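Structural characterization, general
So you can see what is in the structure, the chains are spelled out below.
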Amino acid sequence: MSTKKIAIVADYPDPKDRDGLMLNAPGYRYMWQILAKHGIFPEDCYRTTIFKQPKPRSGPGLYEDRARTKPSVRFQLAIDNLKKELESNFQGNAILALGEEPLFALTGNKGISNWRGSIIQTDLGKVIPTFHPSIILRQYDFLPRIAFDLGRLAKESEFKEANLPNPELIIKPTLSQIRNLAQEILSSAEFLSFDIETIQHHIDCIGFSWREDIALCIPLCYTSGEHYWLVQGEEEEVWEWIAKLMESPHIKKIAQNATYDITYLKRYGVGIENLWLDTMNAHHVIYPEFPKGLDFLVSIYTRFPYYKDKIGISRWEYNALDAVATYTVAMEIEKELKAFGTHSFYHDFINKLIIPYMEVQNEGVKCDLKVKQEALQKIEAEEKRLAKEIEKIVGYPLNPNSPKQLQKYFYEERGYKTYIDRKTGKPTTNEEALLRIKRRYGDPAVDPILEYRAQSKLKGFLKTKVDADGRIRTAYIISGTKTGRLASKEHVYGSGTNLQNIPRGVSREMFIAEEGNVLIGADLSQAEARIVACLSKDPKLIELFSSRDRDIHSENAALIFGGNPADYKGTKERQIAKKTTHAANYNISYKSYSLDLGIPEKEGKRILETYHNLYPGIRRYHRWVQEELRKTRTLVTPFGRKRKFFSRWGDDLFREAYAYIPQSTVADLINKGFLNFYENVQKKGLAKVRLQVHDALYVECKESDREEVTQLLIQAMEIPIVINGFQITIPAEANWGNNWNEIG
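Presented here is an overview of the structure given in this document. (Residues numbered from 1 in each chain as written. Predicted model: local features only at pLDDT ≥ 70, side-chain atom pairs only at ≥ 80, totals over all residues. Heavy atoms only, no water.)

1. Regarding the packing of aromatic side chains
Threshold: Classification of ring pairs uses Phe, Tyr and Trp, with its six-membered ring standing for Trp, and accepts pairs whose centres are within 6.5 Å; under 30 degrees between planes counts as stacked, over 60 as edge-to-face, and the remaining range as tilted. Helical segments are the DSSP runs of H or I of at least four residues, strand segments are the runs of E of at least two, and each set is numbered from the N terminus. Think of it in three bands: with a 1.4 Å probe and only protein chains considered, a residue is buried below 20% of the maximum accessible area for its type, exposed above 50%, and partly exposed in between.
Under the counting rule described, the total for this entry stands at 39 aromatic pairs. Relative to Y268, the ring of W239 has its centre 4.7 Å away and its plane inclined at 15°; by these criteria the two rings are stacked. Highlighted residues: W239 in helix α8 (residues 234–247) and Y268 in the loop between α9 (258–267) and β11 (275–278), separated in sequence by 29 residues. In this structure Y268 comes out as partly exposed when scored by relative accessible area, which is 30%. Consider the rings of Y357 and F674, whose centres lie 3.9 Å apart with planes at 5°: the pair is stacked.

2. Focus: the environment of L96
By the element assignment, L96 lies in strand β3 (residues 94–98). Counting along the chain gives 513 residues from L96 to E609, while the straight-line C-alpha distance between them is 52 Å.

3. Some points on the layout of surface pockets
Put simply, the test is: Both site types are read off a 1 Å grid over the protein atoms alone. A 1.4 Å probe that fits but cannot get out defines a cavity, while an open set with protein on both sides within 12 Å along at least five of seven lines defines a pocket; lining residues have an atom within 4 Å of a point. Grid points are joined across faces, edges and corners, and a volume is the space filled by probe spheres set on the points. Each residue is assigned to one of three groups, with Ala, Val, Leu, Ile, Met, Phe, Trp, Tyr, Cys and Pro labelled nonpolar, Asp, Glu, Lys and Arg labelled charged, and all others, Gly among them, labelled polar.
Computed from the structure, the second largest pocket encloses a volume of approximately 1,000 Å³. Contributing to the lining of the second largest pocket are 34 residues, with P144, A147, F148, D149 and G151 lying nearest its centre. Counting only elements with at least two residues in the lining of the second largest pocket, the list comes to α1 (26–37), α6 (143–156), α11 (294–301) and α12 (315–340). For the lining of the second largest pocket, the element with the highest residue contribution is α6, accounting for 9 residues. Grouping the constituent residues of the lining of the second largest pocket by class yields 16 nonpolar, 7 polar and 11 charged.

4. Focus on the pairing of strand β8 (residues 202–211)
The side chains of a regular strand alternate between the sheet's two faces. This is how the line gets drawn: For two strands to pair, DSSP has to find at least two bridges joining them.
Most of β8 is tucked away, with 8 of its 10 residues classed as buried. Here 7 bridges tie strand β7 (residues 191–199) to β8, and the two strands are oriented antiparallel to one another. Bridge pairing in β8 links D195 to G207. Hairpin connection from β7 to β8: 2 residues lie between these consecutive antiparallel strands, with Q200 at a positive phi of about 50°. Pairing between β8 and strand β9 (residues 214–219): 5 bridges, direction antiparallel. Looking at the pairing, F208 lines up with L216 of β9. Where β8 folds back on β9, the antiparallel hairpin that results is connected by 2 residues.

5. Observations regarding the sheet that holds β3
Inclusion rule: Where helices are involved, their axes are fitted lines through C-alpha atoms of the stretch in contact, as for all axes, and angles between N-to-C directions lie from 0 to 180°. By definition in these notes, contact holds between two residues if any of their heavy atoms fall within 4.5 Å.
A sheet is described by the order of its strands in space; here 5 strands give the open sequence β2-β1-β3-β5-β4, paired in mixed fashion. For this open sheet the edge positions go to β2 (45–49) and β4 (120–122), each flanked by a neighbour on one side alone. Strand after strand, the sheet turns through a mean of 25° between neighbouring axes, direction not considered. Strand direction decides the pairing type here: β4 and strand β5 (residues 125–130), joined by 3 bridges, are antiparallel. Bridge pairing in β5 links Q121 to K126. Along the sheet face, helix α3 (residues 100–107) touches β1 (6–10), β3, β4 and β5 and points at about 140° away from the line of β3. On top of the sheet, α6 reaches β1, β3 and β5; it is set at about 165° to β5, its chief contact.

6. Considering helix α15 (residues 403–413)
Put simply, the rule is: Each direction from the helix axis to a C-beta atom contributes to the arc, which is the arc of those directions.
Taken as a whole, α15 has its buried residues at L406, Y409, F410 and Y411. Projected down its long axis, α15 shows its buried positions confined to an angular sector of 160°, all on one face. In α15, the exposed positions that point more than 90 degrees away from the buried face belong to K404 and E412. Within two residues after α15, G415 carries a phi angle of roughly 75°, on the positive side.

7. Things to note about the sheet that holds β8
A sheet is described by the order of its strands in space; here 6 strands give the open sequence β6-β9-β8-β7-β10-β11, paired in mixed fashion. Looking at the sheet topology across the chains shown, the edges are occupied by β6 (168–170) and β11. Neighbour to neighbour, the strand axes of the sheet diverge by 25° on average, direction disregarded. The pairing of β6 with β9 spans 3 bridges and is parallel.

8. Things to note about the pattern of salt bridges
Pairing is possible between side chains of opposite charge, provided their charged atoms come close. We count it as follows: Between Lys or Arg on one side and Asp or Glu on the other, a salt bridge is scored when a side-chain nitrogen of the former is within 4 Å of a carboxyl oxygen of the latter.
Inspection of every chain in the model, using the stated rule, returns 47 salt bridges. Between K335 and E332 there is a salt bridge, with its nearest N and O atoms 3.2 Å apart. A residue pair is termed a helical-turn pair when its members lie 3 or 4 positions apart in one helix, as K335 and E332 do in helix α12 at 3 residues. A salt bridge links D447 to K438; the shortest N-O distance between them is 3.1 Å. Residue classification places K438 among the partly exposed residues on the basis of a relative accessible area of 35%.

Structural data, given as structure tokens:
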């Protein structure tokens, strides 16, 4: 009988493990490196596999059904033998299940992505599942998740007991219980987490938790839509108690994706006071590279095993679990915010964005339905024209949106070089691949195919559902990007769409102001480039941005190509100089840069080298970033946003890091400008923010107030910042119009 505390179970032995099970194969090396940091080494672990021979290249499957829930005779026999082996040879404290099949064999559960990190009590003891470490070789971003799970394994190996949370879940309360519990919460609770469930855009239950050991689910209707409270006046009183809890200014509220829940509650006449922490947004401030769903947060911040599968079994229990899990997650995140040094950044800044952006998204923007319909008809006609042009070139009908058809045409029929997607390792006909085909072979089908794709994308947007009041809404996601820029998607009620990548032209013309009003848009002028100048400490670059009136791209064009800056206004060379600034700042390869501009690679390389010779401080900034990554893999922006980088060491990581401080600083400048405008202008009723798109804010006001609001918007956005000892204020530029496209 083994005396080892840990057992590790994989599916098959790896042929590369010549010196012992789970030793030589590349994925396992990552696993042992992590475990070594916890003082755990191969000789400390009982190591085994379900099957005792390497995985066959072909043969019968492991399951007898498509759902992969009924094991084959061979697999069931292997499972039985594995359990006998562990019962006979292992009496330790924790078992690590590496991947899908070990998870199923040891626990009967399916879905390693769901169950990883859980502590699962079985007849064999505690099982902690994680991904098989070989996945790190293909998807390096899985490494930190596996590291979390292995850290949990190390802790769990010290004792046999599972010690899982067992909170009291009150799921069918009487009205009297609700009264008593609500009064208890109002009189003594410091914190209150809340969570709603919805059916067909209606709230069917709401959960509350005010301690880590208790949660209350208040049912409002059954999934069939039938009312839960049948006695006259009972449901009204229930909603009154819900409102008292939510609107109490003394209780700190907690939610996961608070915007969603608050938007729905507002429809029922329930407001909110003292939103203290949104677990989704707070977690993102610490780990912007990680998933942000509650299931993932629960797996790394709590000891709750995966429970999301309960929604089909006990909806009210599921709701109560969400509430108490959210509470528990929040308490742990609060500690980690302090430890990571982003506590003030979250509570004094990010948290204050939630309610204002919710108001903006819920008001939406007026849509000109006639313009929308006319634009859709024009695009459909253009698609038909392009389809005929493509057919004429190719010789038969070809769907430009079908990767399979395009790969067959370009790689099989035309015999062109096959371009591979670096992320997936599979053949691709994405935009970059098609541009390379065009450059190398001059194939005339590429341009109309790319244009057709662009038109199709635009058509998809123009089919966006408009609400009954004639307005388009979106849902802003504060935690939507790694840099802090907003992302957006369809509104919580199912209408609207992502508004962050709408191209100029007809698609923007349909966003209009109300009659008698105008739209005003303001963005920050060359914001990222100005920040890079300060980060680089390059005196020439800093001097170039010393005046808000200088045309830096024309000046750079003159330095690159020779001549007078005035000669380059509105020229192709000026556009090249503009793209050169971006490419040089973020160390984009000369090949990608040349492809983007459609110029020879030799010329692209010459231009980039010329630019770096003009401003050598940029490469000094790049070296500084790499040094910071070597020390802690962490970068901090002037506003205190921090990010730890987990990607594989190399050029892709470096480029992402070079861009992080400039892009994050601009994102936070825009959000601070938004808060300034919201507090000082919108709350006074003079204007309303309608859109926030990357580096720009768009507001609506009465035409008679246009000049005043324009100045107030500029004032709100021009915020002094100190970077590397340089105090700068990035200038804001504003325009106005009757629709979004007129603003530019």
